[in-house]
Amino acid sequence: MNGFLIALKSELFIALRTFSNKLILVAPALLISLQNITLWLAERGRETRDSLLGDSGFDELVSDNAYGYFVDSMSTGLAMLGLLLVAQAAYSFSYERDTGMIRHLLIRRVSRPALMVAKLVHLNLLGLASFTMLLVVGYFLCGLLWEFGPIVEDGFELISESEILLEIHTGLMLAAVPFPAAIAFGLLISVFSQSATQAVTSALGITIAIDIFKGMLGDYANFLYARFQPSLIDESYLKDVSRIVRGYSDVLVDENLLEMNQWTPIPALLLFFIVTLIIVRQKRI
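Residues numbered from 1 in each chain as written. Predicted model: local features only at pLDDT ≥ 70, side-chain atom pairs only at ≥ 80, totals over all residues. Heavy atoms only, no water.

Peer 1: Hey, could you run me through the overall build of the protein in this one?
Peer 2: The helix and strand inventory of the protein stands at 12 helices and 2 strands. For the protein, the sequential pattern of α-helices and β-strands runs α-α-α-α-α-α-β-β-α-α-α-α-α-α. On the principal axes, the C-alpha backbone points of the protein span a range of 75 × 40 × 30 Å. Per-residue burial over the protein gives 46% buried out of 285 residues. Considering only intrachain contacts with a sequence separation of at least 6, the fraction spanning at least 24 residues in the protein is 81%. (Helix = DSSP H or I, 4+ residues; strand = E, 2+ residues; numbered from the N terminus. Buried < 20%, exposed > 50% of the residue type's maximum accessible area, 1.4 Å probe, protein only. Contact = heavy atoms within 4.5 Å.)

Structural data, given as structure tokens:
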């Protein structure tokens, strides 16, 4: 336990003083800020054009409710956060091994397993901090640019605000579940790789490849943690939530799929991290 605390303190000390950790913390929030401001400006321009042309076809139901934009913001931000965390997990151990920094911790009686556990904890805390900032920035910015409220059409409430919030909560929780497995995958690649550059490129390359080809796996993709994570080719439940909170009634929710979303990432996390602990014991440092 003492070795773990020393390693964790070291990770946190480094995190407060390195650009990469600060980038992970703020980059997703900055990205969604740019995305929402761009969309708001485009909508205002379209509204002005339609007003001048006398066209009343602008869909206020879809465009004016801030919840839809908030969910889209979270999907975009979480997709970016997932890639950043995988890259940082792959970079962290491999870079410190290349530069000899790890030897200083090992000299202070920090065991290799304790070091990897500390890295896993630190990266999850970093991801949680970035997720929180993303959530706060996305909510307040969307509320500033648009208006939160129930979905109402022709005076009839299609979806109440409490139902919308429940769906968003469920979607965000399910979207966050795969992140620890993604971080563990990055750490696994870091102990396998021969250099930091190789670790980062391999981790990102494999992650993007899985994202591209998961659609070809059919139902077998449901056994991949990446299937449920917001990504460039998004098939997560958060994508369905985006349609639900906009009032679309053609969204089919598969309860079995949601249950797999909750449990599939856990075995992946354990498998990746156990293999990491086995390999790091044998790795020459």
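Peer 1: Teacher, can you tell me more about a nonpolar patch on the surface here?
Peer 2: Together, I208, I212, F213, M216, L232 and I233 give the surface a local cluster of nonpolar side chains, amounting to about 610 Å² of exposed area. For I212, the location among the structural elements is in helix α9 (residues 196–213). Exposure remark for I212: the relative accessible area of 45% places this residue in the partly exposed category. (Patch = residues over 30% accessible without salt bridge, like charges linked within 9 Å, V, L, I, M, F, W, Y side chains within 5 Å. Areas by Shrake-Rupley, 256 points an atom, 1.4 Å probe, with all protein chains shown as cover. Salt bridge = Lys/Arg side-chain N within 4 Å of Asp/Glu carboxyl O.)

Peer 1: Honestly, the nonpolar core in this entry has me stumped. Any pointers?
Peer 2: Note that soluble globular proteins tend to have their nonpolar side chains buried in a common cluster. In terms of nonpolar packing, the biggest core is built from 70 residues, with L78, I168, Y225 and L238 touching the most fellow members. With 14 residues, the single largest contributor to this core is helix α4 (residues 66–99). Those residues in contact with L78, other than ones at most four positions away along the chain, are F131, L134, L172, A175, F179, P230 and L238. (Core = buried A, V, L, I, M, F, W, Y, C linked by side-chain atoms within 4.5 Å.)

Peer 1: Honestly, the pairing of strand β2 (residues 156–159) in this entry has me stumped. Any pointers?
Peer 2: Regular strands place their side chains on alternate faces of the sheet. Inspection of the sheet shows strand β1 (residues 151–153) paired to β2 by 3 bridges, in the antiparallel sense. Residue pairing in the sheet places I151 in a bridge with I159 of β2. Counted along the chain from β1 to the antiparallel partner β2, the turn is 2 residues long, and its residue D154 has a positive phi close to 55°. (Pairing = 2+ DSSP bridges.)

Peer 1: Mind showing me how you'd approach the packing of helix α6 (residues 112–145) against helix α12 (residues 265–282) here?
Peer 2: Helix-helix packing is characterised by the crossing angle of the two axes and by the distance between the axes. Following both chains from N to C, one finds α6 and α12 inclined at 140°, their axes separated by 9 Å at the closest point. The angle between α6 and α12 places the two elements in the oblique class. Where α6 crosses over α12, the two elements pack in a sense that is right-handed. On the side of α6, the interface is formed by R112, P113, M116, V117 and L120, while α12 contributes F273, T276, L277, V280, R281 and Q282. Taken together, the residues that form the contact of α6 with α12 break down as 7 nonpolar, 2 polar and 2 charged. (Axes fitted to C-alpha atoms, helices over the stretch in contact; angles between N-to-C directions. Parallel < 35°, antiparallel > 145°, perpendicular 65-115°, else oblique. Left-handed = near helix turned anticlockwise from the far one by under 90°. Nonpolar A, V, L, I, M, F, W, Y, C, P; charged D, E, K, R; others polar.)

Peer 1: Could you clarify how one ought to interpret α9 in this entry?
Peer 2: Helical geometry note: an α-helix holds 3.6 residues per turn, so side chains three or four residues apart project in the same direction. Look at α9: 26 Å from first C-alpha to last across 18 residues, which is about the 26 Å you get at 1.5 Å a residue. Burial in α9 covers these residues: A196, A199, V200, A203, T207 and D211. Projected onto a plane normal to the axis of α9, the buried residues spread over an arc of 95° and lie on a single side. The inward-facing, buried residues of α9 abut α4 and α8 (179–192). (Expected span 1.5 Å × (residues − 1). Arc of directions from axis to C-beta.)

Peer 1: How should the packing of aromatic side chains be read in this particular structure?
Peer 2: Applying the stated criterion across every chain, the model contains 8 aromatic pairs. Arranged with centres 5.9 Å apart and planes meeting at 90°, the rings of F70 and Y139 form a pair that is edge-to-face. Of this pair, F70 sits in helix α4 while Y139 sits in helix α6, placing them 69 residues apart in sequence. Members of the aromatic cluster, joined through ring pairs, are Y67, F70, Y139, F140 and F148. (Phe/Tyr/Trp six-rings, centres within 6.5 Å; stacked < 30°, edge-to-face > 60°.)

Peer 1: What is the right way to look at the confidence of the model for the protein in this model?
Peer 2: It should be kept in mind that the predicted coordinates are not to be read in detail where pLDDT is low. With 95% of its residues at a pLDDT of 70 or more, the protein has an overall mean of 89. Considering each helix and strand of the protein separately, the mean pLDDT is smallest for helix α3 (residues 60–63), with a value of 48, and largest for α8, with 96. Scored below 50 in pLDDT, residues 57–62 makes 14 contacts in the model with residues more than four places away or belonging to other chains. (pLDDT = per-residue confidence, 0-100.)

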